[in-house]
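# Observations on chain architecture
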Amino acid sequence: MIICNIYDKEADVSGTSSCVIALGNFDGVHVGHTALLSKTVKLAKKLGAVPAVFTFSKHPETVLGSRSALTITTLAEKLELFESIGIQRVFLAKFEDIRDFTPKRFVDEVLKNRIGAVMAVCGYDFKFGVRGSGTPDDLVALMNGDTVVIDPVIRRGRAVSSTLIRTAVEEGDMEYAREMLDRPFFIEFPVVHGKAFGRTIGIPTINQIFPVGHVIPKKGVYACKVLTDSGEYMGVANIGLRPTVKDDKGINCETHIIGFSGWLYEKTIRVSFYKRLRDEVKFHSTEELKIQIKNDIQDTLNYFNRV
């Protein structure tokens, strides 16, 4: 998959004279996004064109300061998911470069002239152009009808959206998040050194720090799966402040990988969240904590044996 910034003079834009372009921010790459991206790949194959995505390196609302930059997926994760669906080229743009473009200028200068789009694909609620003034109907007209608008995908009676997924994650409802993402919510961050407390009680853990602006699950303990170089393992993840050991590093993800033995420091590891098991609790002693973690491990094994 080729990635380029459309306003980088050295960017490789060769071979893009015939693209079917998917438009959006795609935070989370949820089931609605997947429907849009899959349609893009299908249309491109039919037309003998390149399936491509146009998106921003940072969410426009973050640049505008109208909301905090809470992301579900990092840019690297989004790109990986795009490629897994069949996207062959991604055009990244800085919102600042085109924020003042009228809808017509965006279509003419960016989509047609710079990218070479022969067809566009967008969601039912897509907005573009200065102050979000362009609608899907405007895109259809400006592309001379060569536009496909994707209907909303419904889960539990509501249209799936990145906002709904963020809320589900923040409330610890990983089952609902999984329905909307069509996969578990996951984090994929480097493993950092902690106090090695878990190792001292015979239950080693890995620690991962949430980057600034990333959505954080509700504090508590979760049944999860952990992907390592040697395979996927079940795990127990604690999201929180680790009150029993008085850790002062702030909210992090601390995960015990069941049955795993190995060195993971500084490696980037994926932890996928399936179910919230309980609240984070401050225990009166290390022994109480150890007993509870063993119970959490058993609850995790029981959960995955049922599903």
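We now turn to the structure provided with this report. (Residues numbered from 1 in each chain as written. Predicted model: local features only at pLDDT ≥ 70, side-chain atom pairs only at ≥ 80, totals over all residues. Heavy atoms only, no water.)

### Here we look at the overall build of the protein
- Counting secondary structure elements, the protein contains ten helices and 14 strands.
- When the 307 residues of the protein are sorted by exposure, 48% land in the buried category.
- Contacts in the protein between residues far apart in sequence, at least 24 positions, make up 73% of those at least 6 positions apart.
- Carbon and sulfur atoms provide 51% of the accessible area of the protein, an area that totals close to 14,800 Å². (Helix = DSSP H or I, 4+ residues; strand = E, 2+ residues; numbered from the N terminus. Buried < 20%, exposed > 50% of the residue type's maximum accessible area, 1.4 Å probe, protein only. Contact = heavy atoms within 4.5 Å. Areas by Shrake-Rupley, 256 points an atom, 1.4 Å probe, with all protein chains shown as cover.)

### Remarks on the pairing of strand β14 (residues 268–278)
- For β14, a buried count of eight out of eleven residues is recorded, marking the element as mostly surrounded by other parts of the structure.
- As defined by bridge partners, strand β9 (residues 185–192) adjoins β14 across six bridges and the pair is classed as antiparallel. The partner of E188 across the bridge, within β14, is R270.
- For strand β11 (residues 220–228) and β14, the ladder comprises seven bridges, and the chain directions are antiparallel. From the neighbouring strand, C224 faces β14, where its bridge partner is F273. (Pairing = 2+ DSSP bridges.)

### Points about the nonpolar core
- One finds F185, I187 and F273 to be the most contacted residues of the largest nonpolar core, which totals 33 residues.
- When contributions to this core are tallied by element, the ones reaching two or more residues are α7 (162–170), α8 (174–181), β9, β11, β12 (231–240), β13 (252–257) and β14.
- Sequence-distant contacts of I187, that is, excluding residues within four places in its chain, are made with E77, Q208, F210, H214, C253, I269, R270, V271 and F273.
- The next biggest cluster of nonpolar side chains, apart from the first, holds 26 residues, and it includes I6, F56, L111 and F126. (Core = buried A, V, L, I, M, F, W, Y, C linked by side-chain atoms within 4.5 Å.)

### Quick notes on the pattern of salt bridges
- Summed over all chains, the structure comprises twelve salt bridges.
- For R270, the salt bridge identified is with E80, shortest N-O distance 3.3 Å. Within this pair, whereas R270 is found in strand β14, its partner E80 is found in helix α3 (residues 75–85), the two being separated by 190 residues in sequence.
- Classification of R270 by relative accessible area gives buried; the value is 18%.
- Linking R156 and E179 is a salt bridge whose minimum nitrogen-to-oxygen distance equals 2.8 Å. Of this pair, R156 sits in the loop between β7 (154–155) and β8 (158–159) while E179 sits in helix α8; the two residues are 23 residues apart in sequence, bridging distant segments of the chain.
- Each of E80, E188 and R270 takes part in one network of salt bridges that share partners. (Salt bridge = Lys/Arg side-chain N within 4 Å of Asp/Glu carboxyl O.)

### Notes on the sheet that holds strand β4 (residues 89–93)
- An order of β1-β4-β3-β2-β5-β6 is seen for the six strands of this open sheet, with the pairing classed as parallel. Pairing within the sheet leaves two strands with one partner each, and these edge strands are β1 (2–5) and β6 (147–150). Taking each pair of neighbouring strands and ignoring which way they run, the sheet shows an average axis angle of 20 degrees.
- In this structure, β1 lies alongside β4, joined through four bridges in parallel fashion. Opposite C4, over in β4, you have F91 as the bridge partner. (Axes fitted to C-alpha atoms, helices over the stretch in contact; angles between N-to-C directions.)

### A closer look at the sheet that holds β9
- Spatial ordering of the closed barrel is given by β9-β10-β13-β12-β11-β14, a layout of six strands whose pairing is antiparallel. Each adjacent strand pair in this sheet contributes to an overall mean axis angle of 45 degrees, direction not counted.
- In this structure, β9 lies alongside strand β10 (residues 206–209), joined through two bridges in antiparallel fashion. Within β10, the position partnered with V192 by the bridge is N207.
- Contacts from α8 reach β9, β11 and β14 within the one sheet, and its direction differs from that of β14 by about 130 degrees.

### Some points on the environment of R155
- You can see R155 is positioned in strand β7.
- Note on R155: relative accessible area 28%, which makes it partly exposed.
- Between the C-alpha atom of R155 and that of V31, which follows or precedes it by 124 residues, the distance is 9.5 Å.
- Those residues in contact with R155, other than ones at most four positions away along the chain, are V31, V160, Y176, E179 and M180.
- Within the local environment of R155, its side chain forms a polar contact with the backbone oxygen of E179, the two atoms lying 3.4 Å apart. (Polar contact = N/O pair within 3.5 Å; in protein donor to acceptor, adjacent residues only side chain to side chain.)

### Some points on the environment of M180
- With respect to the secondary-structure elements, M180 resides in helix α8.
- Counting along the chain gives 21 residues from M180 to A159, while the straight-line C-alpha distance between them is 9.3 Å.
- Those residues in contact with M180 that sit more than four places away from it in its chain are H30, V31, R155, V160, L164, I165 and A168.

### Details of the pairing of β10
- Sheet topology note: the β10/β13 ladder contains four bridges and is antiparallel. In the strand pairing of β13, N207 is matched with E254.

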